[in-house]
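One letter stands for each residue in the lines below.
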Amino acid sequence: MEHPRRISYHLYPQPADTATSSGIVYSAAGAGAEVGERVADQVARQLADAVRREFAAPLPS
């Protein structure tokens, strides 16, 4: 039996059952420039990895 593909990145649009009523997902409390830079670097690396994985897969025939 095949198992569904696991997704290790964020989905857009965000599934309704994971959103808050305000649409705000995270708190900015404690944030600063250094934290923002680290987060941006991590997001860029994860996005690049996801794109490489998706486009490395063979196309369905």
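Attention here is on the structure that accompanies the text. (Residues numbered from 1 in each chain as written. Predicted model: local features only at pLDDT ≥ 70, side-chain atom pairs only at ≥ 80, totals over all residues. Heavy atoms only, no water.)

Quick look at the overall build of the protein
Stated formally: Per the convention used, a helix needs a DSSP run of H or I reaching at least four residues, while a strand needs a run of E reaching at least two, with both numbered from the N terminus. When accessible area is computed with a 1.4 Å probe and restricted to protein chains, residues below 20% of their type maximum are described as buried, those above 50% as exposed, and intermediate ones as partly exposed. Surface exposure here means Shrake-Rupley accessible area, sampled with a 1.4 Å probe, where a residue is shielded only by the protein chains that are shown.
In terms of regular secondary structure, the protein is built from one helix and zero strands. In the protein, which comprises 61 residues, the share counted as buried stands at 2%. Approximately 6,100 Å² of the protein is accessible, and the part contributed by carbon and sulfur atoms is 60%.

What to know about the pattern of salt bridges
Spelled out, the test is: Take a side-chain nitrogen of Lys or Arg and a carboxyl oxygen of Asp or Glu: if they are within 4 Å of each other, that pair is a salt bridge.
Tallied over the entire structure, the rule returns two salt bridges. Close ionic contact of E34 with R38 constitutes a salt bridge, the shortest N to O distance being 3.6 Å. With E34 and R38 both in helix α1 (residues 33-56), this residue pair falls four residues apart, about one helical turn. For R38, a relative accessible area of 53% gives the class exposed. Note that D49 and R52 form a salt bridge whose closest N and O atoms lie 2.8 Å from each other. On the criterion of helical spacing, the pair formed by D49 and R52 is a turn pair, its members being three residues apart in helix α1. Judged by its relative accessible area of 34%, D49 falls in the partly exposed class. Taking the relative accessible area as the measure of exposure, R52 reaches 52% and is therefore exposed.

Some details on a nonpolar patch on the surface
Heads up, the rule is: Excluding any residue in a salt bridge, patches collect residues exceeding 30% relative accessible area, merging like charges within 9 Å and nonpolar Val, Leu, Ile, Met, Phe, Trp and Tyr side chains within 5 Å.
On the surface, V35, V39 and V43 cluster together to form a nonpolar patch covering roughly 210 Å² of accessible area. Note that V35 resides in helix α1.

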